[in-house]
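# Fold and geometry: a report
Here's the letter readout for the chains.
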Amino acid sequence: MSPWPTAADRPDQETCLVRDIEITDGTVRVTILGEGRPVLFLHGISAHGRAWRSVAEAFVAEHPDWMCWLPDLLGRGASEASPGLSYTLDDEVRRIREVIRALAPHGGAPRLVAGHSQGAAVALALAGVEPAVHGLLLASPVAAGIRRPPVLGLLGSEPVRRAVGNMFAPLHGHIGHLVLRRAGGPAFRAPPALVEAYARPWADPARARTLMRILADWRPADLESRMPDRPLAAHVVTGARDPRIPVAAARRLAARLGCGITVAPEGGHVLTEQHPRLLARLLAGLAATVSAA
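So, a few notes on the structure that sits alongside this text. These numbers come from a predicted model, not from an experiment.

### Some points on the layout of surface pockets
Estimates place the volume of the largest pocket at around 1200 Å³. Elements supplying a minimum of two residues to the lining of the largest pocket: α5 (172-184), α6 (192-203) and α7 (205-216). The greatest single-element share of the lining of the largest pocket, amounting to six residues, is contributed by α5. Of the residues belonging to the lining of the largest pocket, the class tally is 26 nonpolar, six polar and three charged.

Below, the structure is given as C-alpha cells:
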C-alpha cells in the first residue's frame, strides 16, 4: 500500500505532473507544478512532499515563470526505498542530488530551495555542495545545535524496529493525530486528509521500520561541518509555539547566515500546513532576490 495516493487517485491530477525518478537506492516520486525556473521543496524527516503543496500552489499562482519540484524523500510518501539503507544527512543530500540531475533537463538545477524542519538541514547541506543554489527558505529549521532525543538510539536495532512497527500498526490512526497535535499545538485542527497522510505509513509495519531507521540515523550535529561557506540569499521562518525548534535556535541560525527571520505568532512546527501564504510570500521575496543576482 502506497503511503500516499498515486496521481490517478487525486482529483487534482491535471494540475500537476508526477514523475518517478529512479536513483541508486530506489524510486523517488516527484510532483511538479508550473513551468519555468525550478524551486526545490524538501519536507521534514517523517513527512512527504505534499506537506509543501499549498505553499507551492500559492507561489506558482502569483509567479507563473517558476516551477516547483516536490519530491517525497526516499522511504517516505510514495517513494520506494531499497531495503537496508541508511539515512544520514550525507545520504539524503546524495540522493536529492541524483534527483536534481535527473530533473535538470526539465528546467536546470534549482537556484532556490525551500526546506522544512529536517528538510531545512538537507537544504543547507545541499547548498554546501551545489553551487547552483543561491537562495534558501528555511521553515522551522533543524540546526546543528538541536538536541537529538536519546531514545532514538534504541531504534538503531532492527529487532526493536520490528517489534515497535508491529505494535504501532493497529494504532496508526492515533499516531497521526498525536504527531500533528504535538507539532501544530493544541489550537491546530488538522484536516482528516492530513491526519491520514501522517498516519498511513505507520499502518504498514515494513514502512514503519523504514521511518524508524530514518529517525535512528537523524543526527543534527552532522550539519555543523556541512554548512555552506558562501553568501546566500536566505530567510528563516519559525513558529512562536513550535514545540520542537526553539525560537532562540532559529534566531541563532539566522544570525549565522546573516539573514532575516520571521516568527509566526501562533505558528507551531507544521508551518507549511498552518501558514502556507506567509511562506509563499517569503519565497517570492527570495525568488526576486535570486532573479536579480
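More follows now that the structure is in view.
### Considering the packing of aromatic side chains
Tallied over the entire structure, the rule returns two aromatic pairs. Measuring from centroid to centroid gives 5.3 Å for Phe 41 and Trp 52, while their planes differ by 55°, and the two rings are tilted. Of this pair, Phe 41 sits in strand β3 (residues 37-42) while Trp 52 sits in the loop between β3 and α1 (53-62), and the two are 11 residues apart along the sequence. Between Arg 95 and the ring centre of Tyr 87, over which it is positioned, the NZ or CZ distance is 4.9 Å.

### So, the pairing of strand β8 (residues 233-239)
Along β8, seven of the seven residues are buried, which leaves the element largely enclosed by surrounding structure. Along β8, one buried face is formed by Ala 233, His 235, Val 237 and Gly 239 and the opposite face, lined by Ala 234, Val 236 and Thr 238, is buried too. The sheet contact formed by β8 and strand β9 (residues 260-264) spans five bridges and is parallel. Paired with Gly 239 across the strands is Ala 264, a residue of β9. Crossover handedness for the path β8 to helix α8 (residues 247-257) to β9: right-handed.

### Describing the environment of Pro 149
Positionally, Pro 149 belongs in the loop between β7 (135-139) and α4 (158-168). For Pro 149, a relative accessible area of 28% gives the class partly exposed. The spacing of Pro 149 and Pro 192 is 43 residues in sequence and 29 Å in space, taken between C-alpha atoms.

### What about a nonpolar patch on the surface?
A surface patch of nonpolar side chains, amounting to about 260 Å² of accessible area, comprises Val 151, Leu 154 and Val 160. Within the secondary structure layout, Val 151 lies in the loop between β7 and α4. With relative accessibility at 52%, the residue Val 151 sits in the exposed group.

### Quick notes on the pattern of salt bridges
By the definition in use, this model includes 17 salt bridges. With a shortest N-O distance of 3.3 Å, Arg 162 and Glu 158 are connected by a salt bridge. Placement of both Arg 162 and Glu 158 in helix α4 is noted, with a separation of four residues, approximately one turn of the helix. For Arg 162, a relative accessible area of 41% translates into the label partly exposed. When salt bridges with common partners are traced through the structure, they connect Asp 25, Asp 91, Arg 94, Arg 95 and Glu 98 into a single cluster.

### Focus: α4
Those residues of α4 that fall on the buried side of the exposure criterion are Arg 161, Val 164 and Gly 165. Here the buried residues of α4 occupy an arc of 105° about the axis, which is enough to place them on one side. Check the buried side of α4 and you find it contacts α7.

### Structural notes on the state of the cysteines
Per the stated rule, a full pass over the model turns up zero disulfides. Of the cysteine sulfurs around Cys 16, a residue in no disulfide, the closest is that of Cys 68, at 11 Å. We classify Cys 68 as buried; its relative accessible area is 0%.

### Let's talk about the packing of helix α2 (residues 89-103) against helix α3 (residues 118-129)
In contact at an axis separation of 9 Å, α2 and α3 are set at 70° when each is read in the N-to-C sense. With respect to α3, the element α2 is oriented roughly perpendicular. Judged by the twist between their axes, the crossing of α2 over α3 is right-handed. Side by side, α2 and α3 meet where Leu 89, Glu 92, Val 93, Ile 96, Arg 97 and Ile 100 of the first sit next to Gln 118, Ala 121, Val 122, Ala 125, Leu 126 and Val 129 of the second.

What counts and how
Residues numbered from 1 in each chain as written. Predicted model: local features only at pLDDT ≥ 70, side-chain atom pairs only at ≥ 80, totals over all residues. Heavy atoms only, no water. 1 Å grid on protein atoms, 1.4 Å probe; cavity = no way out; pocket = protein on both sides within 12 Å on 5 of 7 lines; lining within 4 Å. Points joined across faces, edges and corners; volume = space filled by probe spheres on them. Helix = DSSP H or I, 4+ residues; strand = E, 2+ residues; numbered from the N terminus. Nonpolar A, V, L, I, M, F, W, Y, C, P; charged D, E, K, R; others polar. Phe/Tyr/Trp six-rings, centres within 6.5 Å; stacked < 30°, edge-to-face > 60°. Lys NZ or Arg CZ within 6 Å of the ring centre and 35° of its normal. Buried < 20%, exposed > 50% of the residue type's maximum accessible area, 1.4 Å probe, protein only. Pairing = 2+ DSSP bridges. Right-handed = clockwise from strand over helix to strand, strands pointing away. Patch = residues over 30% accessible without salt bridge, like charges linked within 9 Å, V, L, I, M, F, W, Y side chains within 5 Å. Areas by Shrake-Rupley, 256 points an atom, 1.4 Å probe, with all protein chains shown as cover. Salt bridge = Lys/Arg side-chain N within 4 Å of Asp/Glu carboxyl O. Arc of directions from axis to C-beta. Contact = heavy atoms within 4.5 Å. Disulfide = S-S within 2.5 Å. Axes fitted to C-alpha atoms, helices over the stretch in contact; angles between N-to-C directions. Parallel < 35°, antiparallel > 145°, perpendicular 65-115°, else oblique. Left-handed = near helix turned anticlockwise from the far one by under 90°.

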